[in-house]
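Spelled out from the first residue to the last, the chains are:
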Amino acid sequence: MTTATGRDTLVEGEFVFTAEDFRHIAHILHTHAGIALNQSKAALVYSRLAKRLRVLGLRSFRDYCALVQGVDGVDERQAMTAALTTNVTRFFREPHHFDHLRDVVMPGLAERARAGGRVRLWSAACSNGQEPYSMAMTVLSVLPEAADLDVRILATDIDPNMVAQGITGVYSEETLEAAPALLRHRWFDKAPAHGPDRLSANDTLRRLVSFKELNLIGDWPMRGKFDVIFCRNVVIYFDDATQEKVWNRFLPTMAADATLYIGHSERVSGSATARLTPSGLTTYRLAA
Ligand SMILES: C[S@@+](CC[C@H](N)C(=O)[O-])C[C@H]1O[C@@H](n2cnc3c(N)ncnc32)[C@H](O)[C@@H]1O
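This structure is a prediction, so every number in the text was calculated from the model and none was measured. (Residues numbered from 1 in each chain as written. Predicted model: local features only at pLDDT ≥ 70, side-chain atom pairs only at ≥ 80, totals over all residues. Heavy atoms only, no water.)

Novice: So, the site of the ligand: which residues are in play, and what are the values?
Specialist: In the region of the ligand, 21 residues are neighbours, and Thr89, Ala125, Asp157, Leu216 and Asn233 sit closest. In this structure, aspartate 157 approaches the ligand through a side-chain N or O atom, which is 2.6 Å from an oxygen atom. Asparagine 233 is positioned such that a nitrogen or oxygen atom in its side chain is 2.8 Å from an oxygen atom of the ligand. In isolation the ligand offers 610 Å² of accessible surface; the protein chains occlude 99% of this area. For the ligand, the cavity whose grid points lie within 2 Å of the majority of its atoms is the largest pocket. Taken together, the residues that form the shell around the ligand break down as 9 nonpolar, 7 polar and 5 charged. (Near = heavy atom within 4 Å. Polar contact = N/O pair within 3.5 Å; in protein donor to acceptor, adjacent residues only side chain to side chain. Areas by Shrake-Rupley, 256 points an atom, 1.4 Å probe, with all protein chains shown as cover. 1 Å grid on protein atoms, 1.4 Å probe; cavity = no way out; pocket = protein on both sides within 12 Å on 5 of 7 lines; lining within 4 Å. Sits in = over half its atoms within 2 Å of the grid points. Nonpolar A, V, L, I, M, F, W, Y, C, P; charged D, E, K, R; others polar.)

Written out as structure tokens, the structure reads:
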């Protein structure tokens, strides 16, 4: 459809949204977060960002693009990224990874921790915390005293809203039904202050997990190495070159014999494949 201003709109609605606007938004999202957007997603982009235009009192996507590209656009670039990313997650999503962590990886790490050694795990794109808390419950099922030893889980995400929810550590009973009953009863308490059906991660679980904002294609300030990395259902949104870069960036952050878990539709690609040996379904071990 051609608008009164003579510009072709990609999606019909309250605001004019042209192919050029789409290209600008896709370019910013790719530069800022590594995410590749195809024009087939135009309707989704429109519906998610139309809300931002209303909040900001803007009249067109052209004005919105000018805002996010401008020097004062830092906050809105972040809000745009949050609006366009998918945060879908679940406690114990892809449960075979947690079985592998419990049965194959944790026994050795537990022995090391009990002997005074350091153990580090990383949930790299943790969404609202269900993945790192699932990791924490798995660690505690093997090593109940983990929070009193040198065992910690770093949980990071690009989206500050997700990081804030993770820190809150409060979920509905329905959400927690995905976690094994024994574990959720042991590590989550009723939280009536947050609502009648709310459960809150208890102190032990919270002491194990630290949440931080981190962009997988930005700077990584961490210095120590990780024994376990969960990087699941995020690189799927990146283009091939960015995926390869991320796999390669993990290598120097992995301790000897570290394990990397990736999402069910993802594959390690590029030169990192030479160092990461399959060790189960979408599970890799760092080769010496
Ligand atoms: C689909 S969720 C996956 C959550 C969890 N790993 C799981 O498998 O259940 C994808 C997460 O990746 C985050 N994300 C997207 N791009 C990112 C980037 N460049 N750096 C860090 N996190 C990113 C999103 O904010 C979102 O929370």
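Novice: Pulling in residues and values, what's your account of the environment of phenylalanine 98?
Specialist: Mapped onto the fold, phenylalanine 98 is located in helix α5 (residues 95–114). The class for phenylalanine 98 is buried, based on a relative accessible area of 2%. Taking the C-alpha atoms as reference points, phenylalanine 98 and valine 170, separated by 72 residues in sequence, lie 21 Å from one another. Ignoring any residue separated from it by four or fewer positions in sequence, one finds phenylalanine 98 in contact with Phe92, Arg93, Glu131, Ser134, Met135, Thr138, Phe230 and Arg232. (Helix = DSSP H or I, 4+ residues; strand = E, 2+ residues; numbered from the N terminus. Buried < 20%, exposed > 50% of the residue type's maximum accessible area, 1.4 Å probe, protein only. Contact = heavy atoms within 4.5 Å.)

Novice: Describe the sheet that holds strand β4 (residues 188–190), listing the residues and the values that go with them.
Specialist: Spatially, β3-β5-β4 is the arrangement adopted by the 3 strands of the open sheet, whose pairing is antiparallel. The sheet terminates laterally at β3 (170–172) and β4, the two strands that pair on one side only. Here the strands of the sheet are splayed against their neighbours by 35° on average, with no regard to which way each runs. Relative to strand β5 (residues 198–201), β4 runs antiparallel, the two sharing 3 bridges. Residue pairing in the sheet places lysine 190 in a bridge with leucine 199 of β5. (Pairing = 2+ DSSP bridges. Axes fitted to C-alpha atoms, helices over the stretch in contact; angles between N-to-C directions.)

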